Amino acid sequence: MSDNVVYEVSEGLATVTLNRPDAMNALDTALKEALRDTLRRAADDPAVRAVLLTGSGRAFCVGQDLKEHVGILRRGGGDALDTVREHYNPITLAIASMPKPVVAGVNGVAAGAGAGFAFAADYRVVADTAAFNTSFAGVALTADSGVSWTLPRLVGPGRAAELLLFPRSVEAREALELGLANRVVPADRLADEARSVARRLAEGPTAAYAALKESLAYGSTHSLAETLEKEAELQVRAGASEDHRIAVEAFVSKEKPVYRGR
């Protein structure tokens, strides 16, 4: 893996850290490729039961590295936005569709694609000094990284349109009120709080979490009748899991369940 992304696995929790602090974790090609490949590695690793995605330094991720981008444009620019299909789409899909929960520990500004990656996560713990900014229209671009899909589901279509048409910095407290953040914590506690949330998920019934992610994604684009059938299908699968038997036995015995993720 590239030095631009730090990957650590401990007790079922994979921590993926964007590591270009001097560039506020701006997404150059090397970082995008490393992040895409690292997230796929976490998704496929049976030892990983939850993922914490965060940034080093004072930013979570400010989006596309415009210095690299302008160089491509000046050389002709025909392939400047191929990065959306090559990098941003697979990164977003890896976060949203991996069969394990992903927590975004938003330590600082999350802008453009950086905001998109945070929105694609299942849970966002946000430092009180952090902020979100869609930023796309500010450089005469449209949304990418799934923002046109995730943002309306978080804040509603009207507010999503406002935030995209008139990009601005949404500070942490407002982000909490809007639904962009699940929890806001003091900046000096962000690392510990985000890790605590992610570790709790890693210790939980991760096979059930995978089914919940699948059910939520399916239900957002299907009818009630279709979603009920999908729920039945997924419930049969969850009911056959070892974790379900462990949970029921623990409930009857009045003990705390120790899940195995299968």
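This report concerns the structure included in the present document. These figures come from a predicted structure and were not determined experimentally. Numbers given to residues run from 1 along each chain, matching the order in which its sequence is written. For this predicted model, a pLDDT threshold of at least 70 governs which residues receive local features, and a threshold of 80 or more governs which side-chain atom pairs are given and counted, while totals over whole chains, interfaces and linings are taken from all residues. Side-chain measures here rest on the full set of heavy atoms in the structure, leaving out hydrogens and waters.

Here the focus is the sheet that holds strand β5 (residues 102–106). Two pairing modes exist for strands in a sheet, parallel and antiparallel, and in both the strands are linked by backbone hydrogen bonds. Two strands pair under a simple rule: DSSP has to find at least two bridges between them. Every helix listed is a DSSP run of H or I at least four residues long, and every strand listed is a run of E at least two residues long, numbered separately from the N terminus. Across the sheet, 6 strands lie side by side as β1-β2-β3-β5-β7-β10; this open sheet has mixed pairing. For this open sheet the edge positions go to β1 (5–10) and β10 (183–185), each flanked by a neighbour on one side alone. When the angles between neighbouring strand axes are averaged without regard to direction, this sheet yields 20 degrees. Judged from the 6 bridges that link them, strand β2 (residues 13–18) and strand β3 (residues 50–55) form a sheet pairing that is parallel. Across the sheet, the residue bridging to Thr15 is Leu52, located in β3. Working rule for contacts: check all heavy atoms of both residues, and any pair within 4.5 Å makes them a contact. Helix axes use the C-alpha atoms of the stretch in contact, all axes being lines fitted to C-alpha atoms, and the angles between their N-to-C directions lie in the range 0 to 180 degrees. Lying on the sheet, helix α1 (residues 29–44) is in contact with β1, β2 and β3; it crosses β1 at an angle near 15 degrees.

Further remarks concern the nonpolar core. Definition of nonpolar core: a set of buried residues of the types Ala, Val, Leu, Ile, Met, Phe, Trp, Tyr and Cys, connected through side-chain atoms within 4.5 Å. Between buried and exposed lies partly exposed: a residue is buried under 20% and exposed over 50% of the maximum accessible area for its type, with that area taken using a 1.4 Å probe on protein chains only. Core analysis: the biggest nonpolar cluster contains 63 residues, and Leu35, Ile95, Val106, Phe117, Phe132 and Leu180 have the highest contact counts within it. Apart from the residues within four sequence positions on either side, Phe132 is in contact with Val106, Ala110, Ala115, Ala118, Phe119, Val126, Arg168, Ser169, Val170, Ala175 and Leu180.

Time to look at the pairing of β1. Across 6 bridges, β1 lies against β2 in antiparallel orientation. Along β2, the bridge assignment pairs Tyr7 with Val16.

Time to look at α1. With 16 residues, α1 should cover 22 Å at 1.5 Å per step; its first-to-last C-alpha distance of 23 Å lies within 8% of that length. By the burial criterion, the buried members of α1 are Leu31, Lys32, Ala34, Leu35, Arg36, Thr38, Leu39, Ala42 and Ala43. Multiplying 1.5 Å by the helix residue count minus one yields the expected span of that helix.

Below, the discussion takes up the sheet that holds strand β9 (residues 170–171). The sheet built from 4 strands is open, its strands ordered β4-β6-β8-β9 with mixed pairing. Of all the strands in the sheet, the pair left with one neighbour each is β4 (59–61) and β9. Sitting on the sheet, helix α4 (residues 113–120) touches β4, β6 (109–111) and β8 (131–133), and the angle it makes with β6 is about 100 degrees.

Turning next to the environment of Pro205. Counting through the fold element by element, Pro205 comes out in the loop between α8 (190–202) and α9 (206–219). Relative accessible area serves as the criterion here: at 17%, Pro205 is assigned to the buried category. Excluding anything up to four places from it in sequence, Pro205 contacts Asp243 and Tyr259.

Now for unusual backbone geometry. Although it is not a glycine, Asn25 adopts a positive phi angle of roughly 55 degrees. Exposure remark for Asn25: the relative accessible area of 0% places this residue in the buried category. A positive phi is found at Ser135, a non-glycine position, where the angle reads about 65 degrees. Looking at where Ser135 falls in the secondary structure, it is placed in the loop between β8 and α5 (147–155). On the basis of relative accessible area, Ser135 is assigned to the partly exposed category, the value being 25%.

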